[in-house]
Amino acid sequence: MRGINRLRQLHSGSCSILQQQPSIVNNLQSSTNTNPYPSKKTFRQKIKAKNKPEHVGDWDIKQWNMAITTHMRNGRCDSALHVFNSMPRRSAVSYNALICGYLSNGNFDLARELFDKMPERDLVSWNVMISGYVRNKNLCAARKLFDMMPKRDVVSWNSMLSGFAQNGYVEEARRIFNRMPEKNEVSWNGLLAAYVQNGRMEEACVLFESKVDWEAVSWNSLMGGFVKQKRLVDARQLFDRMPLRDEVSWNTMITGYAQNNDLAEARRLFEEAPVRDVFTWTAMVSGYVQNGMVDEARKVFDAMPEKNTISWNAMIAGYAQIKRMDMARELFEAMTCKNVASWNTMITGYTQSGEITHARSLFNRMPWRDCISWAAMIAGYAQSGNFEDAMHLFMEMKRDGERMNRSPFTTVLSICANLASLELGRQLHCQLVKVGFEAGCFVGNALLVMYCKCGSVEEAYHAFEEIIDKDVISWNTMIAGYARHGFGKHALMLFELMKKVGIKPDDVTMVGVFSACSHTGLVERAREYFYSMNRDYGIIANSKHYTCMVDLLGRAGRLEEAENLMRNMPFEPDAATWGALLGACRIHGNTELAEKAGAMIFEMEPDNAGMYVLLSNLYAASGRWGDVSRMRLKMRDKGVKKVTGYSWLEVQNKVHTFSVGDTFHPEKDRIYAYLEELELKLKKDGFVYSTKLVLHDVGEEEKEHMLKYHSEKLAVAYGLLSIPDGRPIRVIKNLRVCEDCHNAMKHISKIEGRLIILRDNNRFHHFSGGSCSCGDYW
């Protein structure tokens, strides 16, 4: 019995060894020994063979290869190479592990160099190289390698198919698919995904109908494509046809209905769903939030058996959107799974609610920040008018080494535009060039606005030319920029070029075109554009277009025609349209029509101080001092206060601000002394003060004194004293430049031989050689 048991043990042990060592199996199969039960000697030989060094070496190679892979996954390429070089023996797997690691870490050259040095490549080696190049979007190298392969399998073909599909080369993906000698589910799904992701749903449907045994993931992919295009009827038909639905299927349809405002159907599907996971519940919460039904969203949120970070963030965002920051804060504090998006949502909510202090407090508490956090805080400061704090935070972001996206740059460029800080804007432009952001529309358009608002229309046009793919906003910004600077003919030439390159004008384009015509006096051309834009571009005239036409006709002295146009408008004129008519009346001294326009404006906007002043100027110019006093009393009774006029300019990266008769500037004595000298030169050149503009019934000498120290004159004087010859003087004014200052600037530009660029609240004036770019037509 002991002998039988011993034989059974030996048989069991030998079977185990045979299963682990295929080479032994092969040797046995070639042996002439037909005895199924090995002898003790044979058994000992097999045990000895198991422990031979070459078997230990195979096991060692696996450990080395695992070490290479681990180092590469952690980005330690040098350590992986050290392990590779230290190996006593390498297999193809060793090379493949190192190549794969190089590719995943972006070291294409090292990967290809090692691939070329391989003593022997297997199919996996070729596939690893191809998939690595595809993953890193180097399709040219991948295709070249694919064509060189001595042998291909379905993995090789699928790698190429997915590479072309994921990068939008749908036709090439289809050609690869058609050439494949063998296709599997990955192949079919790869081509289907290519059609869906690129919005080619009709071709996706044809492909889908050509095969019957699709998996659920394919049904979901096609259905998701329909939802993305808001084709919910098609998506629902596919959903109803599905042989087997999973959670993704239900979630896709529920999300589709919720995002497209059909919450009743979304709720019905939600109730019917056989299994609801956290994404199903979150889809309902998000749907209610997106439709402003925050209380309903909260009921679903409270009923959720399980919540994830997305659920919490969706609910917090809902409260933030309706500015219920107390409720948002309550949820935020109760949240145990906060991520950076949670903090960002709260910061954005506080900034949009005007609670900048709370936003900064949270920002300071953040355990970690991303570029969105910084951008949200910078934008919050900018929106609340705290431009200096926004700039300081932007500088701090740079010092911290935070990787910047386009958003902070765009916000700070907007600040530069508002402050007319040209030098800082130029510095930002240089930084944008370094990081490669300036060629895109998003940042490129912000650069255009900055340069246009800072008074450098030449640099704006250079930035415009650098934008690779110009969109309609790019063209509109440049056209409007030329118009505001008084270069109406340039604006219209650009408009014609815009049409030639195939960019369709929109309603904003036409506002810029009419403005260009208005400031250039091209009445007939504007009329032609106005009455043909519906026919040519499908644009229906809105209130802004009519306001531009009223302004155009009014400036040209065709007040009756302007008034008739207002009567025939398809809607009631707004305050801006009446304001354009009032401005034209001031230019041409039509007091009767001005009073009618003023009455309409005061009825619509009783607090519009600018219109009171405009009408008062008209009365003063006509010597109707009683009416001027009446307007003052009316303003006092209604609590309307005249906006204080300010002018500012940038000198050596510092902004200097002036008000009328300013006595606070540290160099005021020098400025006033220079103005006295300048006044003598001006009068010698034929300049005469426009005393009719003074809204006080006082003597001529006193009127001249009042006009002499307007804020724009003080700013220009300081600029002439501080800015070297050859550089333009750039001044910004928060109100419309008065006629007296406008006339004085023309003379100063001639006397001093300097270019003066003045931006008021309406347009730019380029004074040079005694004339202005507006042609005295502003």
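Residues numbered from 1 in each chain as written. Predicted model: local features only at pLDDT ≥ 70, side-chain atom pairs only at ≥ 80, totals over all residues. Heavy atoms only, no water.

As recorded in an unreviewed UniProt entry, the protein chain goes by Pentatricopeptide repeat-containing protein and comes from Melia azedarach.

S.K.: Explain the overall build of the protein chain here, please?
M.R.: Summing up its helical and strand segments, the protein chain has 43 helices and 6 strands in all. Whereas a compact globule of 778 residues would reach a radius of gyration of roughly 28 Å, the protein chain reaches 38 Å, over 25% beyond that. If one aligns the C-alpha atoms of the protein chain with their principal axes, the spans along those axes are about 140 × 60 × 55 Å. Excluding contacts between residues fewer than 6 apart, the proportion of contacts in the protein chain whose partners are at least 24 apart in sequence is 60%. Summed over its atoms, the accessible surface of the protein chain is roughly 38700 Å², and 52% of this surface lies on carbon and sulfur atoms. Placing the 98 positive and 90 negative side-chain charges of the protein chain at their respective mean positions leaves the two points 9 Å apart. (Helix = DSSP H or I, 4+ residues; strand = E, 2+ residues; numbered from the N terminus. Rg over C-alpha atoms; globule rule 2.2 N^0.38 Å. Contact = heavy atoms within 4.5 Å. Areas by Shrake-Rupley, 256 points an atom, 1.4 Å probe, with all protein chains shown as cover. Lys, Arg positive; Asp, Glu negative; His and termini not counted. Charge placed at Lys NZ, Arg CZ, Asp CG, Glu CD.)

S.K.: Mind showing me how you'd approach the environment of Arg670 here?
M.R.: Structurally, Arg670 can be placed in helix H40 (residues 668-684). Of the residues examined, Arg670 reaches a relative accessible area of 40% and is grouped as partly exposed. A distance of 3.3 Å separates a polar atom in the side chain of Arg670 from the backbone oxygen of Leu721. (Buried < 20%, exposed > 50% of the residue type's maximum accessible area, 1.4 Å probe, protein only. Polar contact = N/O pair within 3.5 Å; in protein donor to acceptor, adjacent residues only side chain to side chain.)

S.K.: What is the right way to read the state of the cysteines from this model?
M.R.: Disulfide: a covalent bond connecting the sulfur atoms of a pair of cysteines. For the coordinates displayed, the defined rule picks out 0 disulfides. Left unpaired, Cys430 is separated from the closest cysteine sulfur, that of Cys416, by 12 Å. (Disulfide = S-S within 2.5 Å.)

S.K.: Honestly, the packing of helix H35 (residues 559-567) against helix H36 (residues 575-588) in this entry has me stumped. Any pointers?
M.R.: A pair of packed helices can be characterised by two numbers: the angle between their axes and the separation between those axes. Close contact between H35 and H36 brings their axes to 11 Å; oriented N to C, the two are set at 170 degrees. As the angle between them shows, H35 and H36 are arranged roughly antiparallel. Contact residues: H35 offers Leu559, Ala562 and Met566, while H36 offers Thr577, Trp578, Leu581, Ala584, Cys585 and His588. By residue class, the composition of the contact of H35 with H36 is 7 nonpolar, 2 polar and no charged. (Axes fitted to C-alpha atoms, helices over the stretch in contact; angles between N-to-C directions. Parallel < 35°, antiparallel > 145°, perpendicular 65-115°, else oblique. Nonpolar A, V, L, I, M, F, W, Y, C, P; charged D, E, K, R; others polar.)

S.K.: Explain the packing of aromatic side chains to me, please; I cannot follow it from the model alone.
M.R.: In this description, a pair of aromatic rings is defined by centroid distance and the angle of the planes. In total, this model carries 27 aromatic pairs according to the counting rule given. Ring geometry for Phe687 versus Tyr689: centroids 5.0 Å apart, planes at 75 degrees, classification edge-to-face. One exposure class covers both Phe687 and Tyr689, and it is buried. Of the aromatic side chains, those joined through ring pairs into one cluster are Phe177, Trp188, Phe208, Trp214 and Trp219. The residue whose ring lies beneath Lys307 is Phe301, and the NZ or CZ to ring-centre distance is 5.0 Å. In this structure, Arg369 is placed above the aromatic ring of Phe363, and the distance from its NZ or CZ to the ring centre is 4.1 Å. (Phe/Tyr/Trp six-rings, centres within 6.5 Å; stacked < 30°, edge-to-face > 60°. Lys NZ or Arg CZ within 6 Å of the ring centre and 35° of its normal.)

S.K.: Whenever I open this one, helix H11 (residues 170-179) confuses me. Can you help?
M.R.: Structural remark: α-helix, 3.6 residues per turn; residues separated by three or four positions point the same way. When H11 is considered as a whole, its buried residues turn out to be Val170, Glu172, Ala173, Ile176 and Phe177. Seen along its axis, H11 keeps its buried residues to an arc of 160 degrees; they face one direction. Against the buried residues of H11 lie helix H9 (139-148), helix H10 (154-166), helix H12 (185-197) and helix H13 (201-209). (Arc of directions from axis to C-beta.)

S.K.: Explain the nonpolar core to me, please; I cannot follow it from the model alone.
M.R.: Grouped burial of nonpolar side chains is what soluble globular proteins tend to show. Membership of the largest hydrophobic core comes to 199 residues, with the highest contact counts inside it found for Ile99, Leu222, Val285, Met450, Met510, Phe514 and Leu581. The residues contacting Met450, other than those within four sequence positions of it, are Leu413, Cys416, Ala417, Leu422, Gly425 and Arg426. Core analysis: the second largest hydrophobic core is formed by 33 residues, Val651, Tyr672, Ala715 and Ala717 among them. (Core = buried A, V, L, I, M, F, W, Y, C linked by side-chain atoms within 4.5 Å.)

S.K.: Looking at this structure, I do not really get the pattern of salt bridges. What am I missing?
M.R.: Should their charged atoms come close, side chains of opposite charge can pair. The tally for this structure, following the rule as stated, stands at 46 salt bridges. Arg241 serves as the salt-bridge partner of Glu209, at 3.1 Å between the closest nitrogen and oxygen. Here Glu209, found in helix H13, pairs with Arg241, found in helix H15 (residues 232-241); they are 32 residues apart in sequence, far enough to count as distant. We note a salt bridge from Lys750 to Asp685, for which the minimum N-O separation is 3.6 Å. Within this pair, whereas Lys750 is found in helix H43 (residues 739-752), its partner Asp685 is found in the loop between H40 and helix H41 (700-708), the two being separated by 65 residues in sequence. Overlapping salt bridges bring together Arg236, Asp240, Glu265, Arg268 and Glu272 as one network. (Salt bridge = Lys/Arg side-chain N within 4 Å of Asp/Glu carboxyl O.)

S.K.: I tried to follow the pairing of strand E1 (residues 646-651) on my own but got confused; where do I start?
M.R.: Remark: a regular strand shows side chains that alternate across the two faces of the sheet. Among the 6 residues that make up E1, 5 are buried, leaving the element largely enclosed by the rest of the structure. Taken together, the 6 bridges between E1 and strand E2 (residues 654-659) define a ladder with antiparallel strand orientation. Its bridge partner lying in E2, Val651 is registered against Lys654. The hairpin formed by E1 and E2 contains 2 residues between the paired strands, and Gln652 there has a positive phi angle of roughly 55 degrees. Relative to strand E3 (residues 729-733), E1 runs antiparallel, the two sharing 2 bridges. By the bridge assignment for E3, Ser647 is matched with Lys733. (Pairing = 2+ DSSP bridges.)

S.K.: Is there a simple way to think about the packing of helix H20 (residues 309-321) against helix H22 (residues 340-352) in this case?
M.R.: Relative to each other, H20 and H22 sit at 0 degrees, their axes nearing to 10 Å. Classified by the angle their axes make, H20 and H22 are roughly parallel. Residues Thr309, Asn313, Ile316, Ala317 and Ala320 of H20 touch H22, and the partners they reach there are Ala341, Ser342, Thr345, Met346 and Gly349. Partitioned by chemical class, the residues of the contact of H20 with H22 number 5 nonpolar, 5 polar and no charged.

S.K.: What's the story with helix H16 (residues 247-259) in this structure? I'm lost.
M.R.: Taking 1.5 Å per residue as the helical rise, H16 with its 13 residues ought to reach 18 Å, and the 18 Å between its terminal C-alpha atoms agrees with that figure. Buried residues of H16: Ser249, Trp250, Asn251, Thr252, Met253, Ile254, Gly256, Tyr257 and Ala258, and no others. Check the buried side of H16 and you find it contacts helix H14 (216-228), H15, helix H17 (263-272) and helix H18 (278-290). Backbone geometry just after H16 places Asn261 at a positive phi near 70 degrees. (Expected span 1.5 Å × (residues − 1).)

S.K.: Please explain the confidence of the model for the protein chain as it appears in this structure.
M.R.: Do not read the fine detail of predicted coordinates wherever pLDDT is low. On average, residues of the protein chain carry a pLDDT of 84, and 90% of them reach 70 or more. The low-confidence segment residues 1-57, where pLDDT is below 50, has 20 contacts with residues more than four positions distant or belonging to other chains. (pLDDT = per-residue confidence, 0-100.)

S.K.: Got a minute to help me understand the sheet that holds E1 in this structure?
M.R.: Within a beta sheet, neighbouring strands are joined by backbone hydrogen bonds and run either parallel or antiparallel to one another. Spatially, E2-E1-E3-E4-E5-E6 is the arrangement adopted by the 6 strands of the open sheet, whose pairing is mixed. Each of the sheet's edge strands pairs with one partner strand only, and the pair in question is E2 and strand E6 (771-772). Packing of H43 onto the sheet brings it into contact with strand E4 (756-759), strand E5 (764-768) and E6, and relative to E5 it is tilted by some 35 degrees.

S.K.: What's the story with unusual backbone geometry in this structure? I'm lost.
M.R.: Phi at Lys230 takes a positive value of approximately 65 degrees, unusual for a residue other than glycine. With respect to the helices and strands, the residue Lys230 is situated in the loop between H14 and H15. Residue Lys230 is classed as exposed on the basis of its relative accessible area, which comes to 62%. For Lys323, which is not glycine, the phi torsion reads 65 degrees and is therefore positive. Structurally, Lys323 is set in the loop between H20 and helix H21 (325-334).

S.K.: Help me out: how do you make sense of the pairing of E4 in this one?
M.R.: Both faces of E4 are covered, namely the face carrying Ile756 and Leu758 and the face carrying Ile757 and Arg759. Sheet topology note: the E3/E4 ladder contains 4 bridges and is parallel. For Val731, the partnering residue across the bridge sits in E4 and is Leu758. In the classification by handedness, the crossover that spans E3, the intervening H43 and the parallel E4 is right-handed. (Right-handed = clockwise from strand over helix to strand, strands pointing away.)

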